[in-house]
Amino acid sequence: MHEVGIMESAIDSVLHQARAHGARQVHRIVLRIGALSGVEPESLRFAFDVVTNGTLAAGAVLEIESVPARALCAACAEEFSVESGFIYTCPRCGALSGDIRQGRELELTRIEMS
Amino acid sequence: MNPVPDNTPADEFQIHPLSGAAARPGTRLSAPLAAEVAATLAAGPEGGAAVRSVDLRVPLLEKNDILAERNRGYFLGRGLATLNLVSSPGAGKTTLLERTLDEFGRQTRCAVVVGDLETDNDGRRLHRPHAPVAQITTGGTCHLDAAMIARAVESLDLEGVRVLFIENVGNLVCPASFDLGEQVRVVLLSCTEGEDKPLKYPPIFKSADLVLLTKVDVADVLGFSRELACANIRRIAPQARLIPLSTRSGEGVAEWYDFLRTLTPQR
Ligand SMILES: Nc1nc2c(ncn2[C@@H]2O[C@H](COP(=O)(O)OP(=O)(O)OP(=O)(O)O)[C@@H](O)[C@H]2O)c(=O)[nH]1
Ligand SMILES: [Mg+2]
Ligand SMILES: [Zn+2]
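A.B. asks: Give a description of a nonpolar patch on the surface that names residues and reports values.
C.D. replies: Together, Ile87 and Leu96 of chain A together with Leu199 of chain B line one region of the surface with nonpolar side chains, adding up to about 200 Å² of accessible area. By secondary structure assignment, the location of leucine 96 of chain A is in the loop between strand E4 (79–81) and strand E5 (99–102).

Structure, rendered in structure tokens:
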């Protein structure tokens, strides 16, 4: 369970931004979480309630955007998006790829506040 | 039924500090309601809420990532090969490192940083006169992070050391997200764990440079299929080198040392 620490870091940034903008309330927070980030959205949601309690972000909506993995095929240089699962087979030539180009994201991307 | 005074004087109402809404003393608005009321009150004359939206791109592990890069630069500058060993609890990390220090470590100077939730048992098992060891007890944290490594390395005498092994906390999930600044990530899967582990914990296997299938000496007794396990590892982690080995019987250990030698070219 390292989601609490990750959420603390997210809320630190959010509160910093909220103060910088003179906001009194945070309404919505958007995170981008890659399929390979190793972080569970459900655990993040649980941590969110705990970490925001008593802050300007209490009661805000947490939106989690999942980022699918993309990989580059070493055999034919095709870059492809992975729809589901963790076995990355090139749609063009069928080779397996371990060259990951997207999917490790773990980012705070939007704050709505007033 | 509680008697509710229907002629409450207006001065018994208070203004809620956050939302500006009027409320009876002692009435607390729930946070979502307070937010909604505040947004409504902040609405402009056309009714459009004065909600500002700020787009940014803040990596949540930025602090760790920066420290990891700093560690990497430090290791590189010292010509130090660093390996981060990750596995489930008990897959055989310490046992392999003990043997490695006793054999490979006699020719090539090695050091170890070992992390555990509690106890310094592993640090004591790894103690050798010819190899400095630093024990980190994380006190409940389920992974090592780059700051812990930076602190631990400061306490080590790295004079002449060519290889630094980092034994991570036994856990196949959390260490996947934390770069330590290592050159090589080694994931160990033991034959006692089942052939489908890579399919169940893909992020860590996807991040591996080397996968060690350990305890192959007991595979047959357990009815564990090495072929199936290797096939699963190759499907999930085609980028990784794969070495089946047994620290007990010695099978595959020479190949592991060869791998280590490729990281420490003669200067
Ligand atoms: N049969 C067999 N047993 C092994 C082998 N390597 C380790 N073991 C046994 O596996 C158990 C756990 O080994 P450790 O080396 O302590 O495992 P670890 O990964 O360091 O464990 P944690 O630090 O607790 O995560 C011990 O009882 C070892 O004797 C091996 O090659 N074959
Ligand atoms: Mg150990
Ligand atoms: Zn291809």
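A.B. asks: Any details on the coordination of the zinc ion (ligand 3)? Residues and values, ideally.
C.D. replies: Residue and element names in this part refer to chain A. Protein-derived coordination of the zinc ion (ligand 3) comes from Cys73 (SG), Cys76 (SG), Cys90 (SG) and Cys93 (SG), at a distance range of 2.3 to 2.4 Å. Each of the four donor atoms around the zinc ion (ligand 3) contributes to a set of angles spanning 103 to 114°, which defines the coordination as tetrahedral. For the zinc ion (ligand 3), the donor residues sit on a single chain with the sequence spacing C-x2-C-x13-C-x2-C. Here cysteine 76, found in the loop between strand E3 (70–72) and E4, pairs with cysteine 93, found in the loop between E4 and E5; they are 17 residues apart in sequence, far enough to count as distant.

A.B. asks: How would you explain the interface of chain A and chain B if you had to name every residue and give the values?
C.D. replies: Every contact between the two is made by 36 residues of chain A and, on the other side, 33 residues of chain B. In this structure, the connection of chain A to chain B is made through one salt bridge. Between arginine 57 of chain B and glutamate 107 of chain A there is a salt bridge whose closest N-O contact spans 3.0 Å. Linking chain A with chain B are 11 residue pairs in polar contact (both at pLDDT 80 or more), by the criterion used here. When contributions to the side of chain A that touches chain B are tallied by element, the ones reaching two or more residues are helix H1 (3–20), strand E1 (26–34) and strand E6 (106–113) of chain A.

A.B. asks: An account of helix H10 (residues 226–236) of chain B is needed here, citing residue identities and associated values.
C.D. replies: In an α-helix, one full turn covers 3.6 residues, which means residues spaced three or four apart are oriented alike. All names here are of chain B. The complete set of buried residues in H10 reads Ala229, Cys230, Asn232, Ile233 and Ile236. Along the axis of H10, the buried positions cluster into a sector of 160°, meaning they face one direction only. Within H10, the exposed residues directed more than 90 degrees away from the buried face are Glu227 and Arg234. Taken together, the buried residues of H10 touch strand E8 (184–190), helix H7 (197–200), helix H8 (202–206), strand E9 (210–214) and strand E10 (241–244).

A.B. asks: Describe the side chain of glutamate 193 of chain B, naming the residues involved and giving the relevant values.
C.D. replies: Residues and elements named next belong to chain B. Counting through the fold element by element, glutamate 193 comes out in the loop between E8 and H7. A relative accessible area of 18% means that glutamate 193 is categorised as buried. Setting aside its immediate chain neighbours within four residues, glutamate 193 contacts Ser88, Ala91, Leu172 and Leu188.

A.B. asks: Provide a residue-level description of the site of ligand 1, including the pertinent values.
C.D. replies: All names here are of chain B. Residues in contact with ligand 1 amount to 18 residues; listed here are only the nearest, Lys93, Thr94, Thr95, Lys215 and Asp217. At 3.0 Å from an oxygen atom of ligand 1 is found a side-chain nitrogen or oxygen belonging to glutamate 167. In this structure, serine 246 approaches ligand 1 through a side-chain N or O atom, which is 3.5 Å from an oxygen atom. Relative to its unbound accessible area of 660 Å², ligand 1 is 75% covered by the protein chains. If you list the elements that add at least two residues to the shell around ligand 1, you get helix H3 (93–102) and helix H5 (121–126). Considering every element that reaches the shell around ligand 1, the biggest residue donor is H3, with three residues.

A.B. asks: I'd like a rundown of the packing of aromatic side chains, residues and numbers included.
C.D. replies: Under the counting rule described, the total for this entry stands at three aromatic pairs over all chains. The interplanar angle of 65° and the centroid separation of 6.0 Å between the aromatic rings of tyrosine 74 of chain B and phenylalanine 75 of chain B together place this pair among those described as edge-to-face. The class of tyrosine 74 of chain B is partly exposed, set by a relative accessible area of 39%. Measuring from ring centre to ring centre gives 6.2 Å for phenylalanine 165 of chain B and tryptophan 256 of chain B, while their planes differ by 35°; the resulting arrangement is tilted. Of this pair, phenylalanine 165 of chain B sits in strand E7 (residues 163–167) while tryptophan 256 of chain B sits in helix H11 (residues 253–263), and the two are 91 residues apart along the sequence. Taking the relative accessible area as the measure of exposure, phenylalanine 165 of chain B reaches 0% and is therefore buried. Here the basic side chain of lysine 206 of chain B rests over the ring of tyrosine 88 of chain A, its NZ or CZ set 3.6 Å away from the ring centre.

A.B. asks: For the coordination of the magnesium ion (ligand 2), give the residues involved together with the corresponding values.
C.D. replies: Residue and element names in this part refer to chain B. At 2.0 to 2.1 Å from the magnesium ion (ligand 2) lie its protein donor atoms, namely Thr94 (OG1), Asp122 (OD) and Glu167 (OE). All donors of the magnesium ion (ligand 2) belong to a single chain; written as a sequence motif, their spacing is T-x27-D-x44-E. Placement of the pair is threonine 94 in helix H3 and glutamate 167 in strand E7, with a sequence separation of 73 residues. This pair shows no difference in class: threonine 94 is buried, exactly as glutamate 167 is.

A.B. asks: Run through the nonpolar core, naming residues and quoting values.
C.D. replies: Residues Met7, Val26, Ile29, Leu31, Leu44 and Leu108 of chain A are the most contacted members of the largest nonpolar core, which totals 31 residues. Looking at this core, the elements with two or more residues in it are H1, E1, helix H2 (41–52), strand E2 (61–67) and E6 of chain A together with strand E3 (52–59) of chain B. No other element matches H1 of chain A, which puts seven residues into this core. If you look at the next biggest cluster of nonpolar residues, it comprises 28 residues, including Ala91, Leu101, Val163 and Leu245 of chain B.

A.B. asks: So what's going on with the sheet that holds strand E4 (residues 81–87) of chain B? Residues and values would help.
C.D. replies: Residues and elements named next belong to chain B. If you trace the seven strands from one edge of the open sheet to the other, you get E6-E5-E7-E4-E8-E9-E10, paired in parallel fashion. One side of each edge strand has no neighbouring strand; the edge strands of this open sheet are strand E6 (133–137) and E10. For this sheet the average axis-to-axis angle between neighbouring strands, irrespective of direction, equals 20°. Alignment of E9 against E10, held across four bridges, turns out to be parallel. Looking across to E10, one finds that valine 211 is bridged to leucine 242.

Conventions used here
Residues numbered from 1 in each chain as written. Chains lettered and ligands numbered in written order. Predicted model: local features only at pLDDT ≥ 70, side-chain atom pairs only at ≥ 80, totals over all residues. Heavy atoms only, no water. Patch = residues over 30% accessible without salt bridge, like charges linked within 9 Å, V, L, I, M, F, W, Y side chains within 5 Å. Areas by Shrake-Rupley, 256 points an atom, 1.4 Å probe, with all protein chains shown as cover. Salt bridge = Lys/Arg side-chain N within 4 Å of Asp/Glu carboxyl O. Helix = DSSP H or I, 4+ residues; strand = E, 2+ residues; numbered from the N terminus. Donors = N, O, S within 2.8 Å, 3.2 Å for Na, K, Ca; no water. Tetrahedral: all angles 85-135°; square planar, octahedral: opposite > 155°, others 65-115°. Contact = heavy atoms within 4.5 Å. Polar contact = N/O pair within 3.5 Å; in protein donor to acceptor, adjacent residues only side chain to side chain. Buried < 20%, exposed > 50% of the residue type's maximum accessible area, 1.4 Å probe, protein only. Arc of directions from axis to C-beta. Near = heavy atom within 4 Å. Phe/Tyr/Trp six-rings, centres within 6.5 Å; stacked < 30°, edge-to-face > 60°. Lys NZ or Arg CZ within 6 Å of the ring centre and 35° of its normal. Core = buried A, V, L, I, M, F, W, Y, C linked by side-chain atoms within 4.5 Å. Pairing = 2+ DSSP bridges. Axes fitted to C-alpha atoms, helices over the stretch in contact; angles between N-to-C directions.

Note that every value here comes from positions in space, so none of it alone points to a role or purpose.
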